[in-house]
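Overview (structure and organization)
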Amino acid sequence: MKFLEKWDRHLTRLSEERFYFALLVMLAIPAAFIVTSLALSIHRNFLSVACDTAVIQSAVVNTLHGNWFRDTAYDGPNLLGLHTMLVLVLVAPIYAMFPSADTLYILQIVGVYSTVIPIYLVALDILRRPLGAFLVAVAALSSPMLLHMSMAPVHPETWILASVFWSYFFYRKNRVVAFWVSFAFGLSCGEQATLVYIALGTAWLLVDDGVAWRQRYGKLALAGGFGWLILTFGVIFPLMRQPGQTNLFAYNYSDWGIHSALGLAGAMAHDPLKVFDLLHDPSRWSYVAAYVGLPLLLAFFYLRSFILLAPFPVYFLMNSHQYFLFFHAYYFQFAFFAGYLGLLFFLSRWDMATRLGATVMVITLMINVLILCHMGEFYVRFDAIGDRDQSRELSRDLHAAFEQIPTDAGVYAPHRYSAYLSNRDNMVMGDLSEEKFDFKAMVEERYGTTDVHAGQVDYIVCDVQNDQCGWRHIGLTPEVTKRRTDNINLLMKSGEWQMFWNKDDVVILKRVEK
């Protein structure tokens, strides 16, 4: 009888775990669907920062055609000179089946919102209460961090968060092979994953969390993290970076006037007051606090989660331009990871059945929902700009026009439309607003970073009103508009180009066949 009673309790708990897991999935799917619909509406209406997506799509398309990681959009000619995004090898076959920029956006959002699954499993393992694990996962689902990462241009780095939570789950279950798979996947999404794993390995080595094999996994995470960091910055980047290609380290820390980590260390020693100001900048902390919410505070309560906040200086010492940090919310995935582990450590001590535990959980949910509503309203209003600007009709016509351009044709396209024209081997991003205009010289000058000659360009796309993202009229200046119009006329008069499409101040030229 005791055996039957024990087995009955086990089945009851297992049934409860499955119930809350299914309920979580039922919440996550429509949430991801709603965000996907909004994101695709913004992106397809050319309101997003398209150039990042163009780089990723260019690398995927070229990889499919045998030119591994070749990037012609900008800051090429190879993506591995900027980022170690080897995960694109896995993305390429999916893209081959559904060749569209929309596929990349959908994959990003699905990957981001899948994070709630390992969070639920980790919470279940720590709290041992399905309802508590479910509420923590729901808090994560309502986090502004997931929304902001989903709405951004395509960045494989946004998948690091899910990978790290899977790694933590497999660590607790002592599944070595699965741990290495999630570890490798996370690192392949971007080099910044190394910082998360190095901090995690350090926490496992220094703090006893009751897991018998923590030191073994700590050594694995440290060795793998540092090894990949050295391989990335010491071997891959120097080998793949071409003259003229952006030095990403120098770009991110341009305020310091340096070109390497050693240079940054020297600059910090020379100006410690600036370091102090940046690390304590309230505006920067407010951004991260908005992304993570109350769990960020709880991360400071426990040494094992506090150590995970170690990457903060790496990002807080970056460019002082605040939008730079706000736009790249995925930089602070480590803070989300640390915060939600801090929340779990807190709830493992102060159960939600207690007044304190229940209060913390309620406040966490309330803060997340309030900020989520505010951020969601921003994106909805931003999406509505297209309606006010009467650009949705233009967008539909433009997409139809772009589909008429053969995929084997080379295209010179502006920032605004680059994401939907980089579905080819040769797409160079650029404008036609130069005062002393020479198209051939302009394209050839950038050959080192685009790997595309002027003769390989078959179509030129120009938005006379505004090349950049956002509302078309927002950057409208009569001088620049006139220069673009004049340069289009020069190209037409040269006899090498003819009008292919022209509507609402968007012009597409086609090279005259000889």
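1. Re the layout of surface pockets
In this model, the largest pocket occupies a volume close to 1,400 Å³. Around the largest pocket, the lining comprises 50 residues; the ones closest to its centre are His83, Leu248, Tyr251, Asn252 and Tyr331. For the lining of the largest pocket, the secondary-structure elements that each account for two or more residues are helix H2 (51-64), helix H10 (193-206), helix H11 (214-240), helix H12 (248-252), helix H13 (261-270), helix H18 (312-316) and helix H19 (322-327). Residue composition of the lining of the largest pocket, by class: 34 nonpolar, 11 polar and five charged.

2. Describing the confidence of the model for the protein
Any segment with low pLDDT has predicted coordinates that should not be analysed in fine detail. This prediction gives the protein a mean pLDDT of 88; 95% of its residues lie at or above 70. For the protein, H19 is the element with the lowest average pLDDT, namely 63, and helix H8 (residues 160-173) is the one with the highest, namely 96.

3. Comments concerning the pattern of salt bridges
In this structure the tally under the stated criterion is 17 salt bridges. In this structure, arginine 172 engages aspartate 125 in a salt bridge whose closest nitrogen and oxygen atoms are separated by 2.5 Å. Of this pair, arginine 172 sits in helix H8 while aspartate 125 sits in helix H5 (residues 116-127), placing them 47 residues apart in sequence. Residue class for arginine 172 comes out buried when judged on its relative accessible area of 19%. Exposure remark for aspartate 125: the relative accessible area of 8% places this residue in the buried category. Ionic contacts of the salt-bridge type, sharing partners, join the residues Asp125, Arg128, Arg172 and Lys173 into one network.

4. Considerations on the sheet that holds strand E5 (residues 506-511)
Adjacent strands of a sheet form backbone hydrogen bonds with each other and so pair up, either parallel or antiparallel. Spatial ordering of the open sheet is given by E2-E1-E3-E5-E4, a layout of five strands whose pairing is mixed. Here the strands that pair on one side only, and so sit at the sheet edges, are strand E2 (427-429) and strand E4 (497-503). Pairs of neighbouring strands in the sheet enclose a mean axial angle of 20°, with direction left out of account. By the bridge criterion, six bridges tie E4 to E5 in an arrangement that is antiparallel. Looking at the pairing, tryptophan 497 lines up with arginine 511 of E5.

Reading the values: rules and limits
- Residues numbered from 1 in each chain as written.
- Predicted model: local features only at pLDDT ≥ 70, side-chain atom pairs only at ≥ 80, totals over all residues.
- Heavy atoms only, no water.
- 1 Å grid on protein atoms, 1.4 Å probe; cavity = no way out; pocket = protein on both sides within 12 Å on 5 of 7 lines; lining within 4 Å.
- Points joined across faces, edges and corners; volume = space filled by probe spheres on them.
- Helix = DSSP H or I, 4+ residues; strand = E, 2+ residues; numbered from the N terminus.
- Nonpolar A, V, L, I, M, F, W, Y, C, P; charged D, E, K, R; others polar.
- pLDDT = per-residue confidence, 0-100.
- Salt bridge = Lys/Arg side-chain N within 4 Å of Asp/Glu carboxyl O.
- Buried < 20%, exposed > 50% of the residue type's maximum accessible area, 1.4 Å probe, protein only.
- Pairing = 2+ DSSP bridges.
- Axes fitted to C-alpha atoms, helices over the stretch in contact; angles between N-to-C directions.

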